[in-house]
Amino acid sequence: MTVTVNGVCWELLEGATLADVLVRLDVPARGVAVALDGAMVPRPSWPATALADGAGVEVLTAVQGG
Amino acid sequence: MADDPLVIAGRTFGSRLVLGTGGAANMAVLERALLASGTELTTVAMRRLDAAARTGVLDLLRRHSIEPLPNTAGCRSAAEAVLTAQLAREALETSWVKLEVVADDRTLLPDPIELLDAAEQLVDAGFTVLPYSNDDPVLARKLADAGCAAVMPLGSPIGTGLGIGNPHNIEMIVAEGSVPVILDAGIGTASQAALAMELGCDAVLLATAVTRADDPVRMAEAMRLGVQAGRHARLAGRIPRRFWAHASSPRT
């Protein structure tokens, strides 16, 4: 299946979870938040959140700004 | 001089200068500018995680016990801003948010309709909301009534350095007196920061004026002193304006 992660298309196996994506992205232990299809998913829910074909994942962190 | 702390939503800050981190040439300059400014509260933006985003601005703030204030910069609608605020709360473990909902890229002026809508939603969701607002006393009152912890009217559009375009509006917002007023955006140099404080603002938020100055560290120091000077002048009570001269030396 195909999932979009921060605007890039990823091919993933059926049954992949949000946690699988975030491990591959090597996300830091702190300072990151994730939205799946426009809704925030808290970190404790990442392993149990299965991804569907066509899902959009946004992984955000704090940067200089404002 | 007696302590004169800034209090927002029950939290006390020794500095009345809120700095933004956008526009700094590099982290080393940003770090020295933040320290020179004396700021205790500093804005950060939320963006996609990539190699460039792993620059460690949060580590820098933590190292100096500067509280991060995530913003919703770039959001055009209440829905976008609410989602960004939720992501910021999750990532930064703070319920404080500088709420920005702008109408277009050319002016970067706040969209008042979307702004008020987002503010109401975020207050309901338990956020401490500091909205970047137009210099409109009526909008400021509505934001305060909605439960915002402060109001942050602009002096002039973001990044212009034009200073305070409508000082009387800022004074009217201050006169409402229900929540702290933070002059946000448009400050270009220290005298404008001092003027904001003389008009009665509780604090000043600026970024570009420091980060894009030829010498950001020196300008940060200038802003610290400007804000302090303006605050003292406000509390000291200025003399009334006179049309004719008034001798300061005895005549006999």
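Summary of the structure given here. It should be emphasised that the depicted structure is a prediction, and the values quoted were computed from it without experimental measurement. (Residues numbered from 1 in each chain as written. Chains lettered and ligands numbered in written order. Predicted model: local features only at pLDDT ≥ 70, side-chain atom pairs only at ≥ 80, totals over all residues. Heavy atoms only, no water.)

A look at the layout of surface pockets
All names here are of chain B.
Here is step 1 of the chain: Of the volumes computed, that of the largest pocket is approximately 540 Å³.
Here is step 2 of the chain: Among the elements of the structure, β4 (41–48), β10 (203–206) and α8 (208–211) are those that each provide at least two residues to the lining of the largest pocket.
Here is step 3 of the chain: Within the lining of the largest pocket, the residues separate by chemical class into 11 nonpolar, 12 polar and 7 charged. (1 Å grid on protein atoms, 1.4 Å probe; cavity = no way out; pocket = protein on both sides within 12 Å on 5 of 7 lines; lining within 4 Å. Points joined across faces, edges and corners; volume = space filled by probe spheres on them. Helix = DSSP H or I, 4+ residues; strand = E, 2+ residues; numbered from the N terminus. Nonpolar A, V, L, I, M, F, W, Y, C, P; charged D, E, K, R; others polar.)

Side note on the pairing of strand β1 (residues 2–5) of chain A
Residue and element names in this part refer to chain A.
Here is step 1 of the chain: Along β1, the buried face is formed by V3 and V5; none of T2 and T4, which line the opposite face, is buried.
Here is step 2 of the chain: For β1 and strand β2 (residues 8–11), the ladder comprises 4 bridges, and the chain directions are antiparallel. Considered in β2, the bridge of T4 is made with C9.
Here is step 3 of the chain: Judged from the 2 bridges that link them, β1 and strand β5 (residues 56–64) form a sheet pairing that is parallel. Counterpart to V5 in the pairing with β5 is V57. (Buried < 20%, exposed > 50% of the residue type's maximum accessible area, 1.4 Å probe, protein only. Pairing = 2+ DSSP bridges.)

Thoughts on helix α9 (residues 216–236) of chain B
Residue and element names in this part refer to chain B.
Here is step 1 of the chain: Helix length check: α9, at 21 residues, gives a terminal C-alpha distance of 30 Å against a target of 30 Å (1.5 Å per residue), a fit within 8%.
Here is step 2 of the chain: Elements that come into contact with the buried residues of α9 comprise β3 (17–20), α1 (27–37), α7 (190–198), β10 and α8.
Here is step 3 of the chain: At the C-terminal side of α9, G237 shows a positive phi close to 80°. (Expected span 1.5 Å × (residues − 1). Contact = heavy atoms within 4.5 Å.)

Comments concerning the sheet that holds strand β7 (residues 128–133) of chain B
All names here are of chain B.
Here is step 1 of the chain: Read from one edge to the other, the open sheet built from 3 strands follows the order β6-β7-β8, with strand pairing classed as parallel. Where the open sheet ends on each side, the last strands, each with one partner, are β6 (96–99) and β8 (152–153).
Here is step 2 of the chain: With 4 bridges connecting them, β6 and β7 associate as parallel partners. Bridge assignment links V97 to a residue of β7, and that residue is V129.

Describing empty space enclosed by the protein
All names here are of chain B.
Here is step 1 of the chain: Evaluated as defined, the whole model comprises 1 cavity of 30 Å³ or more.
Here is step 2 of the chain: Roughly 60 Å³ of volume is contained in the largest cavity.
Here is step 3 of the chain: Forming the walls of the largest cavity are A140, R141, A144, V151, I173, V174, E176, G177, S178, V179 and V181.
Here is step 4 of the chain: For the lining of the largest cavity, the elements supplying multiple residues, two or more each, are α5 (137–145) and α6 (167–176).

Description of helix α3 (residues 78–92) of chain B
All names here are of chain B.
Here is step 1 of the chain: With 15 residues, α3 extends 21 Å from end C-alpha to end C-alpha; this agrees with the ideal 21 Å at 1.5 Å per step.
Here is step 2 of the chain: Regarding α3, the residues found buried are A78, A81, V82, L83, T84, A85, L87, A88, A91 and L92.
Here is step 3 of the chain: Phi turns positive one or two residues past the end of α3, at E93, with a value near 55°.

Here we look at the side chain of D135 of chain B
Residue and element names in this part refer to chain B.
Here is step 1 of the chain: On the secondary structure map, D135 appears in the loop between β7 and α5.
Here is step 2 of the chain: Nearest to the buried, unbridged D135 among oppositely charged side chains is R141, at 14 Å.
Here is step 3 of the chain: D135 has contacts with P153, L154, N166, N169, I170 and I173, leaving out every residue within four places of it along the chain. (Lys, Arg positive; Asp, Glu negative; His and termini not counted. Salt bridge = Lys/Arg side-chain N within 4 Å of Asp/Glu carboxyl O.)

Concerning the environment of E67 of chain B
Here is step 1 of the chain: Looking at where E67 of chain B falls in the secondary structure, it is placed in strand β5 (residues 67–70).
Here is step 2 of the chain: A distance of 3.2 Å separates polar atoms of two side chains, one belonging to E67 of chain B and the other to R11 of chain B. (Polar contact = N/O pair within 3.5 Å; in protein donor to acceptor, adjacent residues only side chain to side chain.)

Quick notes on the packing of aromatic side chains
Residues and elements named next belong to chain B.
Here is step 1 of the chain: Counted under the stated rule, the structure contains 2 aromatic pairs over all chains.
Here is step 2 of the chain: Each ring, one from F13 and one from W96, has its centre 5.9 Å from the other, and the planes form 70°; the classification is edge-to-face. Separated by 83 residues along the polypeptide, F13 in strand β2 (residues 11–13) and W96 in strand β6 bring together distant segments of the chain. For the pair F13 and W96, one class covers both residues: buried.
Here is step 3 of the chain: Residues F243 and W244 carry aromatic rings whose centres are separated by 4.8 Å and whose planes lie at 85° to one another, so their mutual orientation is edge-to-face.
Here is step 4 of the chain: Assessed through its relative accessible area of 72%, F243 is described here as exposed.
Here is step 5 of the chain: Residue classification places W244 among the exposed residues on the basis of a relative accessible area of 69%.
Here is step 6 of the chain: Its end group placed over the ring of F127, R89 keeps NZ or CZ at 3.9 Å from the ring centre. (Phe/Tyr/Trp six-rings, centres within 6.5 Å; stacked < 30°, edge-to-face > 60°. Lys NZ or Arg CZ within 6 Å of the ring centre and 35° of its normal.)

Brief notes about the pattern of salt bridges
Residues and elements named next belong to chain B.
Here is step 1 of the chain: Scanning the model with the defined rule gives 12 salt bridges over all chains in all.
Here is step 2 of the chain: D59 is the partner of R62 in a salt bridge, and the nearest nitrogen-oxygen pair spans 3.4 Å. One end of the pair, R62, and the other, D59, are both in helix α2 (residues 57–63), 3 residues apart, so they sit about a helical turn from each other.
Here is step 3 of the chain: A relative accessible area of 38% means that R62 is categorised as partly exposed.
Here is step 4 of the chain: Connected via shared salt-bridge partners are D4, R16 and R231.

Points about the interface of chain B and chain A
Here is step 1 of the chain: Counting residues at the interface gives 27 residues for chain B, matched by 27 residues for chain A.
Here is step 2 of the chain: Across the contact surface, chain B and chain A share 1 salt bridge.
Here is step 3 of the chain: Remark: the boundary between chain B and chain A carries 11 residue pairs in polar contact (both at pLDDT 80 or more).
Here is step 4 of the chain: Among the secondary structure elements, those contributing two or more residues to the side of chain B that touches chain A are α1, β4, α2 and α3 of chain B.
Here is step 5 of the chain: When the residues that make up the side of chain B that touches chain A are grouped by side-chain class, the tally is 15 nonpolar, 6 polar and 6 charged.
Here is step 6 of the chain: With 5 bridges joining them, β5 of chain A and β4 of chain B adopt antiparallel strand pairing. Looking across to β4 of chain B, one finds that A62 of chain A is bridged to M46 of chain B.

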